Amino acid sequence: MKSLSIAATGMLAQQLNVEVISNNIANMNTTGYKRQRAEFQDLIYQNLRRVGSTSSDAGTVVPTGIQLGVGVKAGAVYRISTQGNLTPTDNTYDLAIQGEGYFRVTLPSGEDAYTRAGAFQLNASGQIVTTDGYELSPSITVPQDVRDVSINSQGQIEAFLDGQTNSTVLGQLEVVRFFNKAGLEARGGSLFTETAASGAPAAATPGSVGYGTLLQGYLETSNVDSVGEITNLISAQRAYEMNAKVITSTDEMLSVASNLR
């Protein structure tokens, strides 16, 4: 009976679904995290009676036929990039993007990576870096004798230095967009890298047409909805139980058939 293998594919699919949901719940408090959703596709069909085939010499056509599905498979795990809530931190170098865009950072290998997690700090050289020490790109260096640093919504960084009454412009931040954000490869550490599916990055000044603006002293929280995830978890659990019930029922039917004399 094919129902054993069909139900097994259903159980594997719901297992993947639960794993995706559990990762969302685990990252509820991860800065800049974007929740994921598992998407599934039906498997190939066996045509026991092909639709549209002739059923007589007179040319009559089968209106529906008999197509038997063989289960389900995972089609994709899609990242939903809706805006998370903005939480005030009162930290000078914390930045949140309101709208579209990513910060660009430089990895130790020289490769570019992209992130929505704007929890930046200063390293020993005064450069703005991530919590893992990766340098923000374009590079910005803050002088040691700085009194106050201001970052406006367009990403311009100004500083008031000791002994000066006028501010000094330290640099200009950029944000980066992709045609297909879902095509970015997650690298962990709230970082993403470019792929052939995402397209090439397009950088611009914050606030440009189609690009988000910056908010100093704020961080973007995860966009995970705890109530929605628990609801999805319950649905996945019930679907898993029903597939397990199909296997149990099929086993009982086979047992009856094998005991016939």
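As the structure is a prediction and not an experimental result, all values here were calculated from the model.

Trainee: Any chance you could break down a nonpolar patch on the surface for me, citing the residues and the numbers?
Mentor: On the surface, M1, L4, M253 and L254 cluster together to form a nonpolar patch covering roughly 350 Å² of accessible area. Along the chain, L4 falls in helix α1 (residues 3–26). Accessibility expressed as a relative area gives 31% for L4, which makes it partly exposed.

Trainee: Describe in detail the packing of aromatic side chains, supporting the description with residues and values.
Mentor: Evaluated as defined, the whole model comprises four aromatic pairs. Each ring, one from Y102 and one from F178, has its centre 6.2 Å from the other, and the planes form 75°; the classification is edge-to-face. Of this pair, Y102 sits in the loop between β6 (95–98) and β7 (103–106) while F178 sits in the loop between β15 (175–177) and β16 (185–188), and the two are 76 residues apart along the sequence. Side by side, Y102 and F178 carry an identical accessibility label, which is buried. Between Y102 and F192, the ring centres sit 6.1 Å apart and the planes meet at 70°, which makes this aromatic pair edge-to-face. With a gap of 90 residues between them, Y102 in the loop between β6 and β7 and F192 in strand β17 (residues 191–193) connect regions that are remote in the sequence. The exposure classification of Y102 matches that of F192, with both residues buried.

Trainee: Tell me about the domain arrangement of the protein, and name the residues and values.
Mentor: Here the protein is partitioned into domain 1 (2–81 + 225–260) and domain 2 (85–221). Each of domain 1 and domain 2 was reduced to a C-alpha centroid, and the two centroids are 42 Å apart. Taken over both partners, the interface formed by domain 1 and domain 2 buries close to 820 Å², and the fraction arising from carbon and sulfur atoms is 52%. Of all residues in domain 1, T31, K34 and R79 bury the most surface against domain 2, accounting for 61% of the area lost on that side. Applying the counting rule to domain 1 against domain 2 returns one salt bridge. Residues E220 and K34 are paired through a salt bridge, measuring 2.5 Å at the closest nitrogen-oxygen approach.

Trainee: So what's going on with the layout of surface pockets? Residues and values would help.
Mentor: Of the pockets and cavities examined, the largest pocket occupies roughly 180 Å³. Considering the residues around the largest pocket, the lining is formed by 13 residues, among which Y33, R79, A186, S190 and F192 are closest to the centre. Counting only elements with at least two residues in the lining of the largest pocket, the list comes to β16 and β17. Taken together, the residues of the lining of the largest pocket break down into four nonpolar, seven polar and two charged. Mapped onto the domain boundaries, the lining of the largest pocket takes at least three residues apiece from domain 1 (2–81 + 225–260) and domain 2 (85–221).

Trainee: An account of the sheet that holds strand β12 (residues 146–151) is requested, with residue identities and associated values reported.
Mentor: Hydrogen bonding along the main chain pairs the strands of a sheet, whether they run parallel or antiparallel. If you trace the three strands from one edge of the open sheet to the other, you get β12-β13-β14, paired in antiparallel fashion. Lying at the two open borders of the sheet, with one neighbouring strand each, are β12 and β14 (168–172). Strand-to-strand twist in this sheet, taken as the mean axis angle between neighbours without regard to direction, amounts to 25°. Strand direction decides the pairing type here: strand β13 (residues 156–161) and β14, joined by four bridges, are antiparallel. Opposite E158, over in β14, you have V169 as the bridge partner.

Trainee: Let's hear about the UniProt feature "domain: Flagellar basal-body/hook protein C-terminal" (unreviewed entry) in the protein: which residues, and what values?
Mentor: Taking the numbering used here, the UniProt-annotated feature "domain: Flagellar basal-body/hook protein C-terminal" (unreviewed entry) corresponds to residues 216–260. Helix makes up 73% of residues 216–260 and strand 9%, and the two end C-alpha atoms of the span are 76 Å apart.

Trainee: Help me get a handle on α1, residues and values and all.
Mentor: Spanning 24 residues, α1 covers 34 Å between terminal C-alpha atoms, matching the ideal 34 Å at 1.5 Å per step. Listing the buried residues of α1 in full gives A7, T9, G10, M11, A13, Q14, N17, V20, I21 and N24. At its buried positions, α1 is contacted by β1 (36–42), β4 (72–79) and α2 (226–258).

Calculation rules
- Sequence order sets the numbering: in each chain, residues are counted from 1 along the sequence as written.
- Side-chain atom pairs in this predicted model are given and counted only at pLDDT of 80 or more, local residue features only at pLDDT of at least 70, and totals for whole chains, interfaces and linings cover all residues.
- As a rule here, side-chain values come from all non-hydrogen atoms in the structure, and water together with hydrogens is ignored.
- The patches reported here contain residues having more than 30% relative accessible area and no salt bridge. Joining distances are 9 Å for like charges and 5 Å for nonpolar side chains (Val, Leu, Ile, Met, Phe, Trp, Tyr).
- Using the Shrake-Rupley algorithm and a 1.4 Å probe, accessible areas are obtained, with residue cover drawn only from the displayed protein chains.
- Throughout this description, the term salt bridge denotes a Lys or Arg side-chain nitrogen within 4 Å of a carboxyl oxygen of Asp or Glu.
- The helix count covers DSSP runs of H or I at least four residues long, the strand count covers runs of E at least two residues long, and both are numbered beginning at the N terminus.
- Residue burial is assigned from relative accessible area. The probe radius is 1.4 Å, only protein chains are included, and a residue is buried under 20% of its type maximum, exposed over 50%, and partly exposed in between.
- Between 30 and 60 degrees the pair is tilted, below 30 it is stacked and above 60 it is edge-to-face, where a pair is any two Phe, Tyr or Trp rings, Trp via its six-membered ring, whose centres lie within 6.5 Å.
- Domain extents, as shown, originate in an automatic or database domain assignment.
- As a working definition, buried area equals the accessible area (1.4 Å probe) given up by two parts on being put together, with both sides summed.
- Every definition here rests on a 1 Å grid over the protein atoms only: cavities are sets of points where a 1.4 Å probe fits but cannot get out, pockets are open sets enclosed by protein on both sides within 12 Å along at least five of seven lines, and lining residues have some atom within 4 Å of a point.
- Grid points are joined across faces, edges and corners, and a volume is the space filled by probe spheres set on the points.
- Only Asp, Glu, Lys and Arg are considered charged in this grouping, and only Ala, Val, Leu, Ile, Met, Phe, Trp, Tyr, Cys and Pro are considered nonpolar; every other residue, Gly among them, is considered polar.
- By definition, two strands form a pair when at least two bridges between them are found by DSSP.
- Fitted lines through C-alpha atoms serve as axes, helices being fitted only where they are in contact, and the angles separating the N-to-C directions of these axes extend from 0 to 180 degrees.
- UniProt positions are given in the numbering used here, feature names are shortened, and annotations may be inferred rather than shown by experiment.
- An expected span of 1.5 Å times one less than the residue number is assigned to each helix.
- Any two residues whose heavy atoms approach within 4.5 Å at even a single point are treated as in contact.

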